[in-house]
Amino acid sequence: MTLLSLSQLTASYGATQALFGVDFEIAEGEALAMMGRNGMGKTTTVRCICRMMPAKGALVFDGHDLSRLPSHRAARLGIGLVPEGRRCFRDLSVTENLSAAARPGAWDAAKVEALFPRLGERRGQLAGSLSGGEQQMLAIGRALMTNPRLLILDEATEGLAPTVRAEIWAAIATLKASGMSMLVIDKSLKELRGACDRVVILERGRSVWDGTMSALSPDVVEAMLGL
Ligand code: ATP
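Computed from a prediction, not measured in an experiment: that's the story for all the values here. (Residues numbered from 1 in each chain as written. Predicted model: local features only at pLDDT ≥ 70, side-chain atom pairs only at ≥ 80, totals over all residues. Heavy atoms only, no water.)

Our next topic: the site of the ligand. The local shell around the ligand holds 14 residues, among which G39, G41, K42, T43 and T44 are the closest. A distance of 3.3 Å is found between an oxygen atom of the ligand and a side-chain nitrogen or oxygen belonging to N38. Summarising the interface, the protein chains cover 60% of the accessible area of the ligand, which totals 640 Å² for the free molecule. Considering every element that reaches the shell around the ligand, the biggest residue donor is helix 1 (residues 42–49), with 4 residues. A per-class count over the shell around the ligand returns 3 nonpolar, 5 polar and 6 charged. (Near = heavy atom within 4 Å. Polar contact = N/O pair within 3.5 Å; in protein donor to acceptor, adjacent residues only side chain to side chain. Areas by Shrake-Rupley, 256 points an atom, 1.4 Å probe, with all protein chains shown as cover. Helix = DSSP H or I, 4+ residues; strand = E, 2+ residues; numbered from the N terminus. Nonpolar A, V, L, I, M, F, W, Y, C, P; charged D, E, K, R; others polar.)

As structure tokens, this is what we get:
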């Protein structure tokens, strides 16, 4: 079953158009990677899906037309966002950050701590005093606490040390194995190949390539991603 579907999505920042036609679908249980060079529209696409900015075109989640919904309603339908920049409440503890995000479902603080044991060790610590990697784990934990049907990770490993990146990719693999539907934005093709089923590539605000990870040939990677 199709969980999320975007068709001919366009969006602008004031007079500046950023998206010119983004199309892709995510099936239930599927992990889709979204790639593209800097400034190609990945974060803008995420903002449109999460209803943080207006968009034109078709935007359907689980049979609901998202295009008219405010952001809190999109979250309530089951879209969990881990935004760029690991936002959490710096003056609240790890546990308080998790419980502030909680909505009914299978995910609770114990399950998040099992996924990220470091968060369990730092339960009482203020989020602002955690390392960057731990804050990222907390941001993912907070999104999971909302019990999303679709988890969106926007540059979840950006700027982190290799060992912490590896922990986060391992957690993403665990989530994938558990059947979590995901949209994963990252620059690391090697890690995305292991974590995702398919990839969509954006160029100048348009989706220009969509296919399975195994169909992503070296010439497409070089021409569209410069890797
Ligand atoms: P990156 O990989 O660098 O995060 P991206 O693919 O996520 O890039 P976006 O951040 O979606 O790209 O940006 C798409 C276009 O929209 C760019 O031309 C960017 O300059 C522009 N843009 C992004 N945010 C804003 C904003 N708040 N106001 C005006 N223009 C913006």
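This paragraph deals with the pairing of strand 9 (residues 198–203). Of all 6 residues that make up strand 9, 5 are buried, and the element is covered over most of its length. Inspection of the sheet shows strand 3 (residues 31–35) paired to strand 9 by 4 bridges, in the parallel sense. Paired with M34 across the two strands is V200, which belongs to strand 9. With 6 bridges connecting them, strand 9 and strand 10 (residues 206–212) associate as antiparallel partners. Opposite I201, over in strand 10, you have W209 as the bridge partner. Taken together, strand 9 and the strand that follows it, strand 10, pair antiparallel across an intervening segment of 2 residues, in which R204 is found at a positive phi of about 45 degrees. (Buried < 20%, exposed > 50% of the residue type's maximum accessible area, 1.4 Å probe, protein only. Pairing = 2+ DSSP bridges.)

Taken across its 5 residues, strand 8 (residues 181–185) has 5 buried, putting it largely inside the fold. Where strand 3 and strand 8 come together, 4 bridges link them in parallel fashion. The residue of strand 8 that forms the bridge with A31 is M182. When strand 7 (residues 150–154) meets strand 8, the two strands line up parallel, connected through 5 bridges. When the sheet's bridge partners are listed, L153 is paired in strand 8 with V184. In this fold, the crossover linking strand 7 to strand 8 by way of helix 7 (residues 162–177) has right-handed handedness. (Right-handed = clockwise from strand over helix to strand, strands pointing away.)

Here we come to helix 7. Counted at 1.5 Å a residue, the expected span for helix 7 with its 16 residues is 22 Å, and the 22 Å between its end C-alpha atoms agrees. In this fold, the buried residues of helix 7 make contact with helix 4 (109–115), helix 5 (117–121), helix 6 (132–145), strand 7, strand 8 and helix 8 (189–195). Two residues or fewer past helix 7, G179 is found with a positive phi of approximately 95 degrees. (Expected span 1.5 Å × (residues − 1). Contact = heavy atoms within 4.5 Å.)

For helix 6, with 14 residues, the first-to-last C-alpha span of 20 Å sits near the 20 Å given by 1.5 Å per residue. Among the 14 residues of helix 6, 13 are classified as buried, and the element is accordingly described as predominantly covered. A positive backbone phi angle near 55 degrees is found at N147, which sits one or two residues after helix 6.

Time to look at the pattern of salt bridges. Pairing is possible between side chains that carry opposite charge, provided their charged atoms lie close to one another. Taken as a whole and assessed by the stated rule, the structure comprises 11 salt bridges. E134 is the partner of R118 in a salt bridge, and the nearest nitrogen-oxygen pair spans 3.2 Å. Of the two residues, R118 is situated in helix 5 and E134 in helix 6; the sequence distance between them amounts to 16 residues. With relative accessibility at 6%, the residue E134 sits in the buried group. R122 is paired through a salt bridge with E121; the nearest N and O atoms lie 3.2 Å apart. With relative accessibility at 24%, the residue R122 sits in the partly exposed group. A single salt-bridge network, built from bridges that share partners, covers R118, E121, R122, E134 and E167. (Salt bridge = Lys/Arg side-chain N within 4 Å of Asp/Glu carboxyl O.)

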